[in-house]
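Structural overview
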Amino acid sequence: MKQFITAVIASIFLSLALLAEPPVNPDALPDPVQEAAARALMKDIRCLVCQNQSIEDSDADLAKDLRQIVREQTAEGKSPAEIKAWLVSRYGDWVLLEPPFDERTYFLWGSPFILLGFLGIWFMFRERDAKSVIAPLNEDERLELDALLQQDDLAEGGDAP
Amino acid sequence: MRRFLPFIIFVSLIGLFIFGLSRQNSVEVRSVLIGKPAPSFALLPLQAGGHGLTNADLSNHDVSGGKPVLINFFASWCVPCRAEHENLMILAREKGIVIYGISYRDRPRDSLAFLDELGNPFTRMVIDGQGRTAIDWGVSGVPETFLVDADGIIRYRHWGPVVGDSLEKRLWPEIEAVLAEKRP
């Protein structure tokens, strides 16, 4: 009996899972290759209202409009680079989530390497410090040290109960 | 020296943070359309019998009277538009500036009711129901106001509502500068 109830409950849950099959996007392009290209491009386009989301992640009206434009232009056979250029001519580089590599962004893209360079210089100096040889004691210094150590030993011995 | 290195790094980071946080309008990005002709568009009037608006009108001296105009994207559902409306009225009524209103993703009757309630600063009212013209202008949200000179070149974009001291400190000086060019 118990097994039967378990089986019934399990089958109910399994059939619920079937119901929850992802709905087909009514806006999707009929050609799956084009749809995939459009979706990939949407991930690179900034939703200008929400700023740090892509238009693929956003529910804003502007993001919907831009998604539709990306799909339309993809369907017309435009390349991702052409569609990006179309958007940039209206919204500037800001519309791209990944800034382009040009004279204004050399420092931005180069900064990790500059940081690595600084780290390298720092390590070089550390290495040199560690390697610097300590000059051995001369005879006088050795005798002085021995005397000091002996004093220490005596003092410790004196304190002992 | 080595002992102070973490401290120096800490202080310079704090300095960078203070610099980054105190920069104003970090959200605002200069429009790429500035210095370029207005994008081509042709919009229908908001009201039956009214005038439509095209980009050709912006460079037509017979329409603009050889003076710069403002293009204001607005919507009845847009709360900041309500906030800036008084300043648009001042520009139109007191300063005599021609403002063309483009109703963005709004129902015509809602836009008209909005203007009935708050007053109408617009010389022409047209409708961009799908928001496609707004995208051609690089509009990311309403309100946005563009200053277009008599030759149809976009000279300035005011991002967000014209409220507080932004009429006096930012928009008006830009309009005055363009007006001054035509005087000699």
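Anyway, here's the lowdown on the structure attached to this text.

What about the sheet that holds strand β7 (residues 154–159) of chain B?
All names here are of chain B. Spatial strand order, β2-β1-β5-β4-β3-β6-β7: seven strands in an open sheet with mixed pairing. The two strands at the open ends of the sheet, each matched to only one other strand, are β2 (53–54) and β7. Note that strand β3 (residues 69–74) and strand β4 (residues 98–104) share six bridges and pair parallel. Bridging from a neighbouring strand, Val 69 pairs with Val 98 of β4.

Some points on the nonpolar core
Residues and elements named next belong to chain B. Judged by nonpolar contacts, the single largest core of 66 residues is most densely connected at Leu 58, Ile 71, Phe 73, Leu 91, Trp 137 and Ile 175. Counting residues per element, this core draws most heavily on helix α7 (residues 166–181), which supplies six residues. The contact partners of Trp 137, leaving out residues within four places of it in the chain, are Leu 33, Ala 38, Pro 39, Phe 41, Leu 58, Ile 71, Phe 73, Phe 146, Val 148 and Ile 154.

Here's the deal with the interface of chain A and chain B
Contacts between chain A and chain B engage 20 residues on the former and 16 residues on the latter. Here chain A and chain B share an interface that buries about 1500 Å² over both sides, 52% of which is from carbon and sulfur atoms. It is A:Asp65, A:Arg90 and A:Tyr91 in chain A that bury the most area against chain B; as a group they hold 34% of the surface buried on that side. In this assembly, chain A and chain B are joined by four salt bridges.

A look at the pairing of strand β1 (residues 42–45) of chain B
All names here are of chain B. Pairing analysis gives two bridges linking β1 to β2, with the strands arranged antiparallel. Its bridge partner lying in β2, Leu 43 is registered against Leu 53. Here two bridges tie β1 to strand β5 (residues 124–128), and the two strands are oriented antiparallel to one another. The residue bridging Pro 45 from the neighbouring strand is Val 126, located in β5.

Here we look at the state of the cysteines
Residue and element names in this part refer to chain B. This model, assessed by the stated rule, comprises one disulfide over all chains. With its sulfur 2.1 Å from that of its partner, Cys 78 forms a disulfide with Cys 81. Note on the Cys 78 and Cys 81 pair: the S-S dihedral is about 90°, so by sign convention the disulfide is right-handed. Taken as a pair, Cys 78 and Cys 81 share a single burial class, namely buried.

Concerning the packing of aromatic side chains
Overall, the coordinates contain nine aromatic pairs over all chains when judged by the stated rule. Both rings, one in B:Phe73 and one in B:Phe146, keep their centres 6.0 Å apart while their planes meet at 75°; by these two values the pair is edge-to-face. Taken together, the residues B:Phe73 in strand β3 and B:Phe146 in strand β6 (residues 144–148) connect sequence positions 73 residues apart. Of the two residues examined, B:Phe73 and B:Phe146, each falls in the buried class. Seen in terms of ring centroids, B:Phe74 and B:Phe122 are 5.0 Å apart; in terms of plane orientation they differ by 35°. Their pairing is tilted. Residue B:Phe74 is found in strand β3, and its partner B:Phe122 is found in the loop between α5 (108–118) and β5; the two are separated by 48 residues along the sequence. The same class applies to B:Phe74 and to B:Phe122, which are both buried. Through successive ring pairs, a cluster of aromatic residues spans B:Phe41, B:Phe73, B:Trp137 and B:Phe146. Residue placement shows A:Arg90 over the ring face of A:Trp86; its charged tip is 3.7 Å from the ring centre.

What counts, and where the lines are drawn
- Residues numbered from 1 in each chain as written.
- Chains lettered and ligands numbered in written order.
- Predicted model: local features only at pLDDT ≥ 70, side-chain atom pairs only at ≥ 80, totals over all residues.
- Heavy atoms only, no water.
- Pairing = 2+ DSSP bridges.
- Helix = DSSP H or I, 4+ residues; strand = E, 2+ residues; numbered from the N terminus.
- Core = buried A, V, L, I, M, F, W, Y, C linked by side-chain atoms within 4.5 Å.
- Buried < 20%, exposed > 50% of the residue type's maximum accessible area, 1.4 Å probe, protein only.
- Contact = heavy atoms within 4.5 Å.
- Buried area = accessible area lost by both parts, 1.4 Å probe.
- Salt bridge = Lys/Arg side-chain N within 4 Å of Asp/Glu carboxyl O.
- Disulfide = S-S within 2.5 Å.
- Phe/Tyr/Trp six-rings, centres within 6.5 Å; stacked < 30°, edge-to-face > 60°.
- Lys NZ or Arg CZ within 6 Å of the ring centre and 35° of its normal.

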